[in-house]
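A structural walkthrough
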Amino acid sequence: MNEKLKEKIKESLSSVLPITIIVLFLSITLVPMEIGTLALFLAGAVLLIVGMGFFQLGAEMAMTPLGQGVGGRLIKSKRIILIVLVSFLMGVIITIAEPDLQVLANQVASIPNRVLIWTVAVGVGVFLVVAVLRILFHISLSNMLLIFYILLFVLSFFSPDSFTAVAFDSGGVTTGPMTVPFIMALGVGLSAARSDRDGTSDSFGLVALCSVGPIMMVLLLGIFYNPTDAAYTATEVPSIITTRDVMKQFVYELPRYGKEVALSILPVAGVFAIFQLIARNYHKRQVLRMVVGFVYTVLGLILFLTGVNVGFAPVGSLLGSGLGGSPFKWLLVPIGIIIGYYIVKAEPAVQILNEQVEDLTGGTISHKMMNTALSIGVACAVALAMVRVLTGINIYWVIIPGYIISLVLSRLVPPVFAGIAFDSGGVASGPMTSTFLLPLAMGACVAAGGTVVTDAFGVVALVAMAPLLAIQIMGLIYVRKAKAVPQPAEALPDETVVDFEEDFE
């Protein structure tokens, strides 16, 4: 086996194993499951681990160099119209290729799937243009985020209450495993070609602004359609008697997800082919490597989505209904904390972001520190989501104070931390959140007698908001450490980095 692939699969195993152990423990203690259901879950976990390993390696080999190549060529062209047009088209194409968007579209019953998908894709395309222009013209990210989030909250008051949580969920869901590697790499390419001292900090923020687009467009869509019912079809646990039944479930679903992923990746592969023909940016060996990367990406996404949707989602719903309907329903809060802490590590796009952050900051913000900060933030977010499920607290009471604090912090920390934090918000809420946490929340909500659309929806939005606070608090610690130790203006000394990292161990 390829050593790099083996390394990626080992990383995936360490990420997914804690969630698997938690579910096994709950199945023995609080929510007993049939052996067949448990076998389905374990088989899904194996596919998820292998799929995530292939996907991460594929994204590293194909999506990252493609994004950097396009970004570098765009900024060298110095043609604003070309930059705007290509950025918009790439935003739309990459978003349509996003598997998480299909999940969201199936959840919103009041709007046709294609209408929602294209609306969100256009939103990402428009805001990718905004993000690219921000880099070109050196516009402050914190100022732009302040203006756009004020506009979002104003729009949300005109949108139906039953639709607000769905809209904010869309911002986290649509920046997933396909969009993040490309958009992050595009930012790196643009900033590297610009060659100035603010390049590193300006390379972050593209995902943050692209997360605003779907929220805004879905809110506008909600106002336009005036939906009265945004229902979600709950996942059902299939009847499993033998191990052959387990195999049948996955074999039956593999072609469907294979077709979905292949059709989604086709436009991206087309962009790669056209870009190479026009720009001749890569030599033959690089082209071959990137083609293999695309194959790995497709294979990984097929295995990942099949494992998550067939094995994880039904068990998440079953766990939620079992806990929500029990006398110990308030255990959902501490259980949510534990699940939230570990589930963010299992998001494929999170690991890609963390590696890019470590590379771009020269190790000052390490992979380990990012993982710890994100895990703590998401753990708190899932706990709040479970409190909402059990009490029916309006999501405004959580997201408005949360975003106000985040936007204030963005003006107090170095720009690079603000960019990383808002990028991480979109990245942390990926397929594991939408296909495990959301069914968990919905199952618990139904069992506890709540309203799914207003009480269960919003869990993705809270997960997306958590890193904004966690990473910017990390930024405040960075500032404190930097002031405490004499240092050159360009970078922290090694010993400061070590002390800084100790705060997150």
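Criteria and cut-off values
Residues numbered from 1 in each chain as written. Predicted model: local features only at pLDDT ≥ 70, side-chain atom pairs only at ≥ 80, totals over all residues. Heavy atoms only, no water. Salt bridge = Lys/Arg side-chain N within 4 Å of Asp/Glu carboxyl O. Helix = DSSP H or I, 4+ residues; strand = E, 2+ residues; numbered from the N terminus. Buried < 20%, exposed > 50% of the residue type's maximum accessible area, 1.4 Å probe, protein only. Patch = residues over 30% accessible without salt bridge, like charges linked within 9 Å, V, L, I, M, F, W, Y side chains within 5 Å. Areas by Shrake-Rupley, 256 points an atom, 1.4 Å probe, with all protein chains shown as cover. Axes fitted to C-alpha atoms, helices over the stretch in contact; angles between N-to-C directions. Parallel < 35°, antiparallel > 145°, perpendicular 65-115°, else oblique. Left-handed = near helix turned anticlockwise from the far one by under 90°. Contact = heavy atoms within 4.5 Å. Nonpolar A, V, L, I, M, F, W, Y, C, P; charged D, E, K, R; others polar.

If you look the chain up in an unreviewed UniProt entry, it shows as DUF1538 domain-containing protein from Candidatus Avimonoglobus intestinipullorum.

Taken as a whole and assessed by the stated rule, the structure comprises four salt bridges. Ionic pairing is found between Glu60 and Lys8, a salt bridge with its closest N-O pair at 3.1 Å. Of this pair, Glu60 sits in helix H2 (residues 35–77) while Lys8 sits in helix H1 (residues 3–28), placing them 52 residues apart in sequence. For Lys8, a relative accessible area of 2% translates into the label buried. Among the charged side chains, a salt-bridge network with shared partners connects Lys4, Lys8 and Glu60.

Now for a nonpolar patch on the surface. A contiguous nonpolar patch, built from Leu146, Ile150, Val154, Phe157, Phe158, Leu220 and Ile223 and spanning about 660 Å² of accessible area, is present on the exposed surface. Residue assignment for the nonpolar patch shows that the elements contributing at least two residues are helix H6 (141–156) and helix H10 (206–225). Looking at the nonpolar patch element by element, the count peaks at three residues for H6. With respect to the helices and strands, the residue Ile223 is situated in helix H10. A relative accessible area of 34% means that Ile223 is categorised as partly exposed.

Moving on, we get to unusual backbone geometry. With phi around 55 degrees, His138 is a residue other than glycine that occupies positive phi space. With respect to the helices and strands, the residue His138 is situated in the loop between helix H5 (113–136) and H6. The exposure class of His138 is partly exposed, given its relative accessible area of 46%. The phi dihedral of Arg280 falls on the positive side, at around 50 degrees, and the residue is not glycine. Structurally, Arg280 is set in the loop between helix H11 (243–279) and helix H12 (284–324).

A few words now on the packing of H5 against H10. Two numbers describe how H5 lies on H10: the axes approach to 7 Å, and their chain directions differ by 140 degrees. Judged by the inter-axis angle, H5 sits oblique to H10. Two packed elements cross with a definite hand, and for H5 against H10 that hand is right-handed. Across the interface between the two elements, Val115, Leu116, Thr119, Val120, Gly123, Val124, Phe127, Leu128, Ala131, Arg134 and Ile135 from H5 touch Leu206, Leu209, Cys210, Val212, Gly213, Pro214, Met216, Met217, Val218, Leu221 and Tyr225 from H10. By residue class, the composition of the contact of H5 with H10 is 18 nonpolar, three polar and one charged.

Our focus in this paragraph is the environment of Ile240. Considering the arrangement of structural elements, one finds Ile240 in the loop between H10 and H11. When the C-alpha positions of Ile240 and Thr37 are compared, they lie 6.4 Å apart, and in sequence the two are 203 residues distant. Those residues in contact with Ile240 that sit more than four places away from it in its chain are Gly36, Thr37, Leu40, Asp245, Val246 and Gln249.

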